[in-house]
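Read off the chains here:
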Amino acid sequence: LSRRYGLWFRLRKIILWLLGVYIAIPFLVKLCPAIQAKLVFLNFVRVPYFIDLKRPQDQGLNHTCNYYLQPEEDVTIGVWHTVPAALWKNARGKDQPWFEEALGSSHPVILYLHGNAGTRGGDHRVELYKVLSSLGYHVVTFDYRGWGDSIGSPSERGMTYDALHVFDWIKARSGDNPVYIWGHSLGTGVATNLVRRLCERETPPDALILESPFTNIREEARSHPFSIYRYFPGFDWFFLDPITTSGIKFANDENVKYISCSLLILHAEDDPVVPFHLGKKLYNIAATSRSFRDYKVQFVPFHTDLGYRHKYIYRSPELPRILR
């Protein structure tokens, strides 16, 4: 009996401690909105670890060049440029000026905006670059300020400005070649911010591709599988309002009302991170928007049985046809 009582006493202490932590976390987040911002960006999670971003060839990208651009004073971002498969042999051993000049070759360019966590060298991202390169695209991607080896502090404004700087850098070198914007997950928020701004200044891209998009960051946070507090009294006040206070909106649903270019949305039904219904909802908003009346808007779902989840749509054998 003494032993049982001792076990129960220790178990009760652990339960009370866990309950105390569970209750304390919402108040901690409310008092320190920066915590919630960190959880949105996850820029401190660098996966895979121990890779040298200066050497994309270590990831099987022998036809890729690493650059560093400076969007603003005290901000430096790391960029990878992967040339189309047709230029692979010519790219071996070439330096940055050759790669920059190659953007003017007769191949379309995709500016890829990745999601939160990890770097431009993430495994699923590298595999997508390879697929797009094999289809004849230049792929230019980069780490936002605060991610990977890029210098600066992350913010929605800063991420959008970084993307604008890289887009303008591409356009200055690509001539009349089509330039497409591809955003994935959190990168869809950066992508619609960017394209809305480009359309407002009357320099839209040739198309926008959104992979696993959400409507806005509040709805995504409320629907995220890790939102264990969603039924907690005052969830919006404790968790969602601090995100807004930090200046983070990523309002895809609002941005698409001001975008005037072709739009393609890709979403897997079994996506466990950004629920499928948010991508479908965003499509319904865009499809009925007056800004798209002269442009094609398409939604392509991927059935649960395919197992593409949040980041494996690049595996689809239908992707070349879809992009064409």
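Labelled according to an unreviewed UniProt entry, the protein chain appears under the name Lysophosphatidylserine lipase ABHD12, originating from Emberiza fucata. The record in UniProt for the protein chain states the following under Subcellular location (unreviewed entry): "Endoplasmic reticulum membrane". As recorded by UniProt, the Catalytic activity (unreviewed entry) comment attached to the protein chain reads in full: "Hydrolyzes glycerol monoesters of long-chain fatty acids."

Asks: Mind showing me how you'd approach the overall build of the protein chain here?
Replies: Summing up its helical and strand segments, the protein chain has 12 helices and eight strands in all. Scaling as 2.2 N^0.38, a compact globule of 324 residues should have a C-alpha radius of gyration of about 20 Å, and the protein chain matches this with 22 Å. With respect to the three principal axes, the spread of C-alpha positions in the protein chain is 80 × 45 × 45 Å. Surface summary for the protein chain: the accessible area is close to 15,700 Å², and the carbon and sulfur share equals 56%. Positive and negative charge centroids in the protein chain, built from 38 and 32 side chains respectively, lie 8 Å apart.

Asks: Can you help me understand unusual backbone geometry in this one?
Replies: The phi angle of most residues is negative, glycine excepted, and most peptide bonds adopt the trans form. Although it is not a glycine, Leu42 sits at a positive phi angle of roughly 50°. The backbone of Ala117 sits at a positive phi, close to 65°, despite the residue not being glycine. Position of Ala117 relative to the elements: it lies in the loop between strand S3 (109–113) and helix H5 (123–134).

Asks: Explain the pairing of S3 to me, please; I cannot follow it from the model alone.
Replies: As a general feature of sheets, a regular strand has side chains that alternate between the two faces. Buried residues dominate S3, accounting for five of its five residues. Along S3, one buried face is formed by Val109, Leu111 and Leu113 and the opposite face, lined by Ile110 and Tyr112, is buried too. Sheet topology note: the S3/strand S4 (residues 138–142) ladder contains four bridges and is parallel. Bridge pairing in S4 places Tyr112 opposite Thr141. Once you follow S3 into H5 and on to S4, the crossover reads as right-handed. Here five bridges tie S3 to strand S5 (residues 179–184), and the two strands are oriented parallel to one another. Pairing of Val109 across the sheet is with Val179, part of S5.

Asks: Explain the environment of Asp236 to me, please; I cannot follow it from the model alone.
Replies: Looking at the secondary structure, you find Asp236 in helix H9 (residues 235–245). Relative accessible area serves as the criterion here: at 31%, Asp236 is assigned to the partly exposed category. Each C-alpha atom of the pair Asp236 and Arg218 lies 8.6 Å from the other, and the pair is 18 residues apart in sequence. Dropping the residues within four chain positions of it, Asp236 is found in contact with Arg218, Arg222, Asp241 and Pro242.

Asks: I would appreciate a short explanation of the UniProt feature "domain: AB hydrolase-1" (unreviewed entry) in the protein chain in the present structure.
Replies: Mapped onto this numbering, the UniProt entry gives "domain: AB hydrolase-1" (unreviewed entry) at residues 108–213. As a span, residues 108–213 carries 43% helix and 20% strand, and end to end its C-alpha atoms are 23 Å apart.

Asks: Help me out: how do you make sense of the pairing of S4 in this one?
Replies: Of all the five residues making up S4, five are buried; the element is thus mostly covered by neighbouring parts of the structure. Alternating positions in S4 separate into two faces, His138, Val140 and Phe142 on one and Val139 and Thr141 on the other, with burial throughout. Bridge count for strand S2 (residues 75–82) against S4 is four bridges, and the pairing is antiparallel. Bridging from a neighbouring strand, Trp80 pairs with Thr141 of S4.

Asks: Help me understand the sheet that holds strand S8 (residues 297–302) in this model?
Replies: Across a sheet, strands are paired by hydrogen bonds formed along the backbone, either parallel or antiparallel in direction. Strand order across the open sheet formed by eight strands is S1-S2-S4-S3-S5-S6-S7-S8, with mixed pairing between neighbours. Strands with a single pairing partner mark the edges of an open sheet, and in this sheet they are strand S1 (64–72) and S8. This sheet shows a mean twist of 20° between the axes of neighbouring strands, independent of strand direction. Strands in contact with helix H7 (residues 186–200) are S3, S5 and strand S6 (207–211); relative to S5, the strand with the most contacts, it is inclined by about 145°. The strands that helix H11 (residues 276–287) touches are S6, strand S7 (262–268) and S8; relative to S8, the one it contacts most, it runs at about 165°.

Reading guide: rules and limits
Residues numbered from 1 in each chain as written. Predicted model: local features only at pLDDT ≥ 70, side-chain atom pairs only at ≥ 80, totals over all residues. Heavy atoms only, no water. UniProt positions renumbered as here; feature names shortened; annotations may be inferred. Helix = DSSP H or I, 4+ residues; strand = E, 2+ residues; numbered from the N terminus. Rg over C-alpha atoms; globule rule 2.2 N^0.38 Å. Areas by Shrake-Rupley, 256 points an atom, 1.4 Å probe, with all protein chains shown as cover. Lys, Arg positive; Asp, Glu negative; His and termini not counted. Charge placed at Lys NZ, Arg CZ, Asp CG, Glu CD. Buried < 20%, exposed > 50% of the residue type's maximum accessible area, 1.4 Å probe, protein only. Pairing = 2+ DSSP bridges. Right-handed = clockwise from strand over helix to strand, strands pointing away. Contact = heavy atoms within 4.5 Å. Axes fitted to C-alpha atoms, helices over the stretch in contact; angles between N-to-C directions.

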